[in-house]
Amino acid sequence: MNKSIKKSGTFVLKKTPSMKVSLPPSLDLALPTSFHPIVAAAGSGEYHQEGQYHHISHPQHPLARVSSPYLFTCMGCKEYGAGAMFSCQSCNNFQLHEFCALALPTLTAHSLHSHHQLVFHSKPVKGGLLWPRCDVCSKPIRGFAYRCSTCSFQMHPCCAMLSAEMKIRTHPHPMKLIPTNNATLSSSDLSYCCGECDKKRSGKVYRCSVCDYHIHAVCAKNMVNGLHANGIQNVEKPSMLGAAAKLASHVVVGFIGGLIEGIGEGVGEVLVQSLTKAGRRNNTSTATTSAATTSTASN
């Protein structure tokens, strides 16, 4: 590996003649053939002796192609995965999805965004407090992503493995993406539930071309990232916004409770002071009246 390479904050990959759009025969992703191929034999790194792979996002150590049935978090896209991956054998805490490690630098005429070119970026464009959302699955983009060089469209590398029409392991018929004029389709506005998660949620949705079966794009991703093949379910990352809202609600409730308690104590003190003053005034008035009566009787 060229030792002059240094880790940078972000990078945009440049295409080289050695990169191929089609999936090489030696790379078996165990995916349905209708999924969109976005990986190349070299991708964003290069192979060296003994099958070691050097990736630009982890230049200090080589990566080895391994397979594990256990859940891992990809250090590229920051999403979950299982099964085939590229893993650092030195630090043991750096793993990449195969499709992240071997992702092409650009995608042209992708079926999910065919009218513009998509460019691979190592970091998302974060605006304000919230992460940008993927226009396919509607989940936050925290790492590797494909972004349109013309408009605001962006998607995860895993979502880029999907296509407008495809087959999935859990259903015998072809699935077609439901067209929408919006960047993301909210399934809560529709009258059906996903055949995989049995829920309504945001993100694009596929419909069976034969029967009335539907599946979210975010659920179809589990056919790509290895979760479904390894029997891993219900691993959604907890929402930071939801946790923050819950914490804020506790703070607000506590504040209001303390305020009400303080107001109550203040009202109580005012009442006691008023009663005390009234009692003093009554006592003074009674004493004055008694003295006046005694003086009159003496006269």
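Residues numbered from 1 in each chain as written. Predicted model: local features only at pLDDT ≥ 70, side-chain atom pairs only at ≥ 80, totals over all residues. Heavy atoms only, no water.

Draft legend 1. Fine view of the overall build of the chain. A tally of regular secondary structure across the chain gives three helices and 13 strands. Relative to its 299 residues, the chain shows a buried fraction of 38%. Pairs at least 24 residues apart make up 56% of the contacts formed inside the chain by residues separated by at least 6 positions. For the chain, the computed accessible surface area is about 16900 Å², with 56% contributed by carbon and sulfur atoms. (Helix = DSSP H or I, 4+ residues; strand = E, 2+ residues; numbered from the N terminus. Buried < 20%, exposed > 50% of the residue type's maximum accessible area, 1.4 Å probe, protein only. Contact = heavy atoms within 4.5 Å. Areas by Shrake-Rupley, 256 points an atom, 1.4 Å probe, with all protein chains shown as cover.)

Draft legend 2. Examining the environment of Leu177 more closely. Relative to the helices and strands, Leu177 resides in strand β11 (residues 175-177). For Leu177, a relative accessible area of 22% translates into the label partly exposed. Distance in space between the C-alpha atoms of Leu177 and Ala164 is 5.2 Å, their sequence separation being 13 residues. Leaving out residues up to four positions away in the same chain, Leu177 has contacts with Leu112, Ala164, Lys204, Val205 and Tyr206.

Draft legend 3. Structural context of the sheet that holds strand β7 (residues 118-121). One open sheet accounts for four strands, arranged β6-β7-β8-β9; its pairing is antiparallel. The sheet terminates laterally at β6 (106-107) and β9 (154-155), the two strands that pair on one side only. Bridge analysis of β6 against β7 gives two bridges, and the strand direction is antiparallel. Residue Thr106 lies in a different strand from β7, and its bridge partner there is Val119. (Pairing = 2+ DSSP bridges.)

Draft legend 4. Broad picture of the pattern of salt bridges. The tally for this structure, following the rule as stated, stands at three salt bridges. Across the pair Glu98 and Arg65 runs a salt bridge whose closest N-O atoms are separated by 2.2 Å. Linking Glu98 in helix α1 (residues 98-101) with Arg65 in strand β3 (residues 63-73), this pair joins segments that are 33 residues apart in sequence. Under the relative-accessibility criterion, Glu98 is labelled buried at 2%. Among the charged side chains, a salt-bridge network with shared partners connects Glu79, Lys139 and Lys221. (Salt bridge = Lys/Arg side-chain N within 4 Å of Asp/Glu carboxyl O.)

Draft legend 5. Structural view of the sheet that holds strand β10 (residues 165-166). Spatial strand order, β10-β11-β12-β13: four strands in an open sheet with antiparallel pairing. Two strands close off the open sheet at either side, each with one partner strand: β10 and β13 (214-216). With two bridges connecting them, β10 and β11 associate as antiparallel partners. Looking across to β11, one finds that Met166 is bridged to Met175.

Draft legend 6. Expanded view of the confidence of the model for the chain. Averaged over every residue, the pLDDT of the chain is 73; residues scoring 70 or more account for 58%. For residues 182-189, every residue scores under 50 in pLDDT, and the model assigns this stretch 24 contacts once sequence neighbours within four places are set aside. Across residues 255-265, where pLDDT falls below 50, the model places zero contacts with residues more than four positions away in sequence or in other chains. (pLDDT = per-residue confidence, 0-100.)

Draft legend 7. Quick peek at the pairing of β7. Of the two faces of β7, both are covered, the one formed by Leu118 and Phe120 as well as the one formed by Val119 and His121. Here four bridges tie β7 to strand β8 (residues 145-148), and the two strands are oriented antiparallel to one another. In the sheet register, His121 faces β8, and the bridge partner there is Ala145.

Draft legend 8. Expanded view of the nonpolar core. Residues Val136, Tyr146, Met155, Leu162, Tyr206 and Ile215 are the most contacted members of the largest nonpolar core, which totals 49 residues. For this core, the elements supplying multiple residues, two or more each, are β3, β4 (80-88), α1, β7, β8, β12 (205-208) and α2 (217-220). Among the elements that make up this core, the one with the highest residue count is α2 (four residues). (Core = buried A, V, L, I, M, F, W, Y, C linked by side-chain atoms within 4.5 Å.)

Draft legend 9. Looking closely at the packing of aromatic side chains. All told, the structure shown has three aromatic pairs when counted by the stated rule. With 4.9 Å between their ring centres and 40 degrees between their planes, Tyr53 and Phe86 make a pair best called tilted. Of this pair, Tyr53 sits in strand β2 (residues 53-55) while Phe86 is found in strand β4, placing the two residues 33 residues apart along the sequence. What makes Tyr53 buried here is its relative accessible area of 0%. We classify Phe86 as buried; its relative accessible area is 0%. For the ring pair Phe120 and Tyr146, a centre distance of 5.4 Å and an interplane angle of 75 degrees mean the geometry is edge-to-face. In this pair, Phe120 is assigned in strand β7 and Tyr146 in strand β8, connecting sequence segments 26 residues apart. With respect to burial, Phe120 and Tyr146 carry one shared label: buried. (Phe/Tyr/Trp six-rings, centres within 6.5 Å; stacked < 30°, edge-to-face > 60°.)

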